[in-house]
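Read off the chains here:
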Amino acid sequence: AQSVTQLDSQVPVFEEAPVELRCNYSSSVSVYLFWYVQYPNQGLQLLLKYLSGSTLVESINGFEAEFNKSQTSFHLRKPSVHISDTAEYFCAVRGPFGNEKLTFGTGTRLTIIP
Amino acid sequence: DTGVSQDPRHKITKRGQNVTFRCDPISEHNRLYWYRQTLGQGPEFLTYFQNEAQLEKSRLLSDRFSAERPKGSFSTLEIQRTEQGDSAMYLCASSYDWTYEQYFGPGTRLTVT
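Computed from a predicted structure; not experimentally measured.

Asks: How do you make sense of the pattern of salt bridges when you look at a structure like this?
Replies: Close approach of charged atoms allows side chains with opposite charge to pair. A complete count under the given rule lists 10 salt bridges over all chains for this structure. With its nearest N and O atoms 2.8 Å apart, the salt bridge here joins E88(A) to R109(A). Placement of E88(A) in strand β10 (residues 87-94) and of R109(A) in strand β12 (residues 108-113) is noted, with a sequence separation of 21 residues between them. Residue classification places E88(A) among the buried positions, given a relative accessible area of 13%. Several salt bridges converge on common partners, so that one network encompasses R64(B), E83(B) and D86(B).

Okay, here's the thing in structure tokens:
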């Protein structure tokens, strides 16, 4: 069985400040990790993913996440946030072939303070 | 490529009625997934298809729920004898193959009164 824990349900951050959204997972098998973002009144969009290779993955809008197998974490970071980053962020884990359903965390609501 | 589409976007129904939702995946995606999201929670897996074959069903999917994907294209999710606890956002996602990421549709918000 797999599980995902997002430790912070809400994170308020001042504009242009750095942010880290925490995600820890539990799994007995190898996993693939994802961050999805849900902007207000919109559907889920893939932000970035770790499938294999480099443990540091980046998105096109300045977010990055690092897969840490020993700490079973996949924290999301951005060095300088913008108002447009206001959204709910979901961490998700997927197992290997035959166990490909996504298991999501409960989400972190990121609020940017002007 | 128009993305995953879902219909209707909103549905209000009375308890005990049957409802059916439709999902059209991205063309050429052979995997199709259904999730349910309640307020303040992340999406929870319900079931998925590879082409027309339903490969896995969650324990969340009671006997009142049925999903189909005839001909391996669009999919329908039917809920019979709806209950207030069925009120949620029902999300559909598709992927090209199991190794690829899942792309989500906008969801169908169900309200059972």
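Asks: Sorry if this is basic, but what is going on with the interface of chain A and chain B here?
Replies: Many structure descriptions define interface size as the accessible area lost when the parts assemble. At the interface, 21 residues of chain A touch 20 residues of chain B. Carbon and sulfur atoms make up 53% of the area that chain A and chain B hide from each other, which totals about 1700 Å². The largest contributions to the chain A side of the interface with chain B come from L44(A), E100(A) and K101(A), which together make up 33% of the buried area. Our count for the chain A to chain B interface comes out at 3 salt bridges. Put simply, R31(B) and E100(A) hold a salt bridge, and the shortest N to O gap is 2.8 Å. Secondary structure elements with two or more residues in the side of chain A that touches chain B: β5 (32-38), β6 (44-50), β10 and β11 (102-104) of chain A. For the side of chain A that touches chain B, the element with the most residues is β5(A), which contributes 4 residues.

Asks: Could you clarify how one ought to interpret the sheet that holds strand β3 (residues 19-24) of chain B in this entry?
Replies: To summarise the sheet geometry, strands pair through backbone hydrogen bonds and adopt either a parallel or an antiparallel arrangement. Residues and elements named next belong to chain B. Within the open sheet, the 4 strands sit side by side as β1-β3-β8-β7. Their pairing is antiparallel. Edge positions in the sheet fall to β1 (5-7) and β7 (65-68), since each has one partner strand and no second. Taking each pair of neighbouring strands and ignoring which way they run, the sheet shows an average axis angle of 15 degrees. Strand direction decides the pairing type here: β1 and β3, joined by 3 bridges, are antiparallel. Bridge pairing links D7 to R22 in β3.

Asks: Even after reading the chapter, I still don't get the layout of surface pockets, so can you show me in this structure?
Replies: To find leftover empty space, one rolls a probe the size of a water molecule over the atoms. What the largest pocket holds in volume is close to 680 Å³. If you trace the largest pocket, you find 31 residues lining it, with Q38(A), Q37(B), L39(B), M89(B) and R109(B) closest to the centre. Broken down by secondary-structure element, the contributors of at least two residues to the lining of the largest pocket are β10 and β12 of chain A together with β9 (88-95) of chain B. Here the residues of the lining of the largest pocket are counted per class, giving 10 nonpolar, 17 polar and 4 charged. As a volume, the second largest pocket reaches approximately 340 Å³. In terms of lining, the second largest pocket is formed by 16 residues, of which the most central are K101(A), T103(A), F45(B), S58(B) and L60(B).

Asks: Honestly, the nonpolar core in this entry has me stumped. Any pointers?
Replies: Membership of the largest hydrophobic core comes to 28 residues, with the highest contact counts inside it found for L33(A), W35(A), L47(A), L48(A), F74(A), L76(A) and Y89(A). For this core, the secondary structure elements donating two or more residues are β2 (10-14), β3 (19-21), β5, β6, β8 (64-68), β9 (73-78), β10 and β12 of chain A. With 4 residues, the top contributor of residues to this core is β10(A). Contact partners of L76(A), with chain neighbours within four places excluded, come to V19(A), E20(A), L21(A), W35(A), L47(A), L48(A), F63(A), E64(A), A65(A) and Y89(A). Membership of the second largest hydrophobic core comes to 19 residues, among which are L61(B), F65(B), L77(B) and L110(B).

Each value, and the rule that gives it
Residues numbered from 1 in each chain as written. Chains lettered and ligands numbered in written order. Predicted model: local features only at pLDDT ≥ 70, side-chain atom pairs only at ≥ 80, totals over all residues. Heavy atoms only, no water. Salt bridge = Lys/Arg side-chain N within 4 Å of Asp/Glu carboxyl O. Helix = DSSP H or I, 4+ residues; strand = E, 2+ residues; numbered from the N terminus. Buried < 20%, exposed > 50% of the residue type's maximum accessible area, 1.4 Å probe, protein only. Contact = heavy atoms within 4.5 Å. Buried area = accessible area lost by both parts, 1.4 Å probe. Pairing = 2+ DSSP bridges. Axes fitted to C-alpha atoms, helices over the stretch in contact; angles between N-to-C directions. 1 Å grid on protein atoms, 1.4 Å probe; cavity = no way out; pocket = protein on both sides within 12 Å on 5 of 7 lines; lining within 4 Å. Points joined across faces, edges and corners; volume = space filled by probe spheres on them. Nonpolar A, V, L, I, M, F, W, Y, C, P; charged D, E, K, R; others polar. Core = buried A, V, L, I, M, F, W, Y, C linked by side-chain atoms within 4.5 Å.

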